[in-house]
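# Coordinate analysis (summary)
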Amino acid sequence: MSAPIFLGVNVDHVATLRQARGTRYPDPVHAALQAEMAGADGITMHLREDRRHIQDHDIERFTTCVQTKLNFEIAATDAMQAMAIRLKPRDVCLVPEKREELTTEGGLDVAGDETRLHAYTQRLMEHDIRVSLFIDPDERQIDASVRTGAQVIELHTGAYADADSEAAMDAELQRIVSASRYAIDAGLIVNAGHGLHTKNVAAIARIPQIHELNIGHSLIADAVFLGLADAVSTMKRLMVEARSA
Ligand code: PXP
């Protein structure tokens, strides 16, 4: 029997809509609770340095009512580390962050910043926080991730999702397949995400080594037409069907 596959729902873009007008609605915490009821296995919130979507109070409120688990996505700064240690989410996912980017554009360069990320990861682990490193599907980055002591990696699927031909998409898929095998053999838990939607999720969900997919933008976009509960349950069904096919 194949291993189960889990869905982490990223609610950042509910907050994007709220911040666009400075209103109190829509509330990403409300969205997170609804996503959990619709079958999400976890919730991701990315507190960016520029606070363009999720705000500190969103994270604070959600940690008091989370039903599944919070994956707190942050850049590896001292201020974010202090907040994580105070709030104790189940997972922290470390990502690179650039102010001018529209979204997280590439994976974290763990190999190029290994000593600092090792210390950063160890400090979070001392507080019982599981650390996930968001990296490109690249063996060098996987080896460096293992050396930091992190238990989890999340493979960046953006190049796969954005590929402009079938051949390019297939080549990117193969990179993710090989990286997943390599990382499992190295003892890591392997998650993946970025740019996934109902039309491209199956090929990734089928990779047996992948434990969890983190999906945000397309789910919130689909929710405009379907409602969030429908969008989440449809995504989860497509993932489970692909995994068990
Ligand atoms: N995983 C990580 C680490 C991310 O930074 C993001 C984007 O915030 C996602 C998953 C979700 O990507 P998308 O919004 O494209 O589904």
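Source: prediction; values computed, not measured.

### Overview of empty space enclosed by the protein
Empty space left among the atoms is revealed by rolling a probe the size of a water molecule over them. With the rule as written, the count across this model stands at 1 cavity of 30 Å³ or more. Space inside the largest cavity adds up to approximately 50 Å³. Considering the residues around the largest cavity, the lining is formed by Lys 69, Asn 71, Asp 91, Arg 130, Ser 132, Val 152, Glu 154, Asn 191, Glu 212 and Asn 214. If you list the elements that add at least two residues to the lining of the largest cavity, you get β5 (130–135), β6 (152–156) and β8 (210–215). A class-by-class count of the residues in the lining of the largest cavity yields 1 nonpolar, 4 polar and 5 charged.

### Focus on the side chain of Asp 12
Looking at the secondary structure, you find Asp 12 in helix α1 (residues 12–21). Among buried charged residues, Asp 12 stands out as having no salt bridge; its nearest opposite-charge side chain is Arg 48, 6.9 Å away. When sequence neighbours within four positions are dropped, the list of residues in contact with Asp 12 reads Thr 44, Met 45, His 46, His 53 and Ile 54.

### Observations concerning the nonpolar core
Counting 69 residues, the largest nonpolar core has Met 45, Phe 72, Leu 94, Ile 204 and Leu 213 as the members making the most contacts within it. A total of 6 residues in this core trace back to one element, the largest contributor, which is helix α11 (residues 228–244). Excluding residues that lie within four positions of it along the chain, Leu 213 makes contacts with Ile 5, Phe 6, Leu 7, Gly 8, Ala 192, Leu 196, Val 201, Ile 204, Ala 205 and Met 239.

### With respect to the pattern of salt bridges
Evaluated as defined, the whole model comprises 14 salt bridges. Two residues, Lys 69 and Glu 212, come together in a salt bridge whose shortest N-O distance is 3.0 Å. Placement of the pair is Lys 69 in the loop between α3 (56–65) and β3 (70–74) and Glu 212 in strand β8, with a sequence separation of 143 residues. Each of the two residues, Lys 69 as well as Glu 212, counts as buried. For Asp 91, the salt bridge is made with Arg 130, and the minimal N-O distance between the two is 2.6 Å. A residue pair is termed long-range when its members are at least 10 positions apart, and Asp 91 in strand β4 (residues 91–94) and Arg 130 in strand β5 qualify at 39 residues. Residue Asp 91 shares its accessibility class with Arg 130, and that shared class is buried. Three or more residues joined by partner-sharing salt bridges are found here, namely Arg 18, Asp 27, Asp 58 and Arg 61.

Each value, and the rule that gives it
- Residues numbered from 1 in each chain as written.
- Predicted model: local features only at pLDDT ≥ 70, side-chain atom pairs only at ≥ 80, totals over all residues.
- Heavy atoms only, no water.
- 1 Å grid on protein atoms, 1.4 Å probe; cavity = no way out; pocket = protein on both sides within 12 Å on 5 of 7 lines; lining within 4 Å.
- Points joined across faces, edges and corners; volume = space filled by probe spheres on them.
- Helix = DSSP H or I, 4+ residues; strand = E, 2+ residues; numbered from the N terminus.
- Nonpolar A, V, L, I, M, F, W, Y, C, P; charged D, E, K, R; others polar.
- Buried < 20%, exposed > 50% of the residue type's maximum accessible area, 1.4 Å probe, protein only.
- Lys, Arg positive; Asp, Glu negative; His and termini not counted.
- Salt bridge = Lys/Arg side-chain N within 4 Å of Asp/Glu carboxyl O.
- Contact = heavy atoms within 4.5 Å.
- Core = buried A, V, L, I, M, F, W, Y, C linked by side-chain atoms within 4.5 Å.

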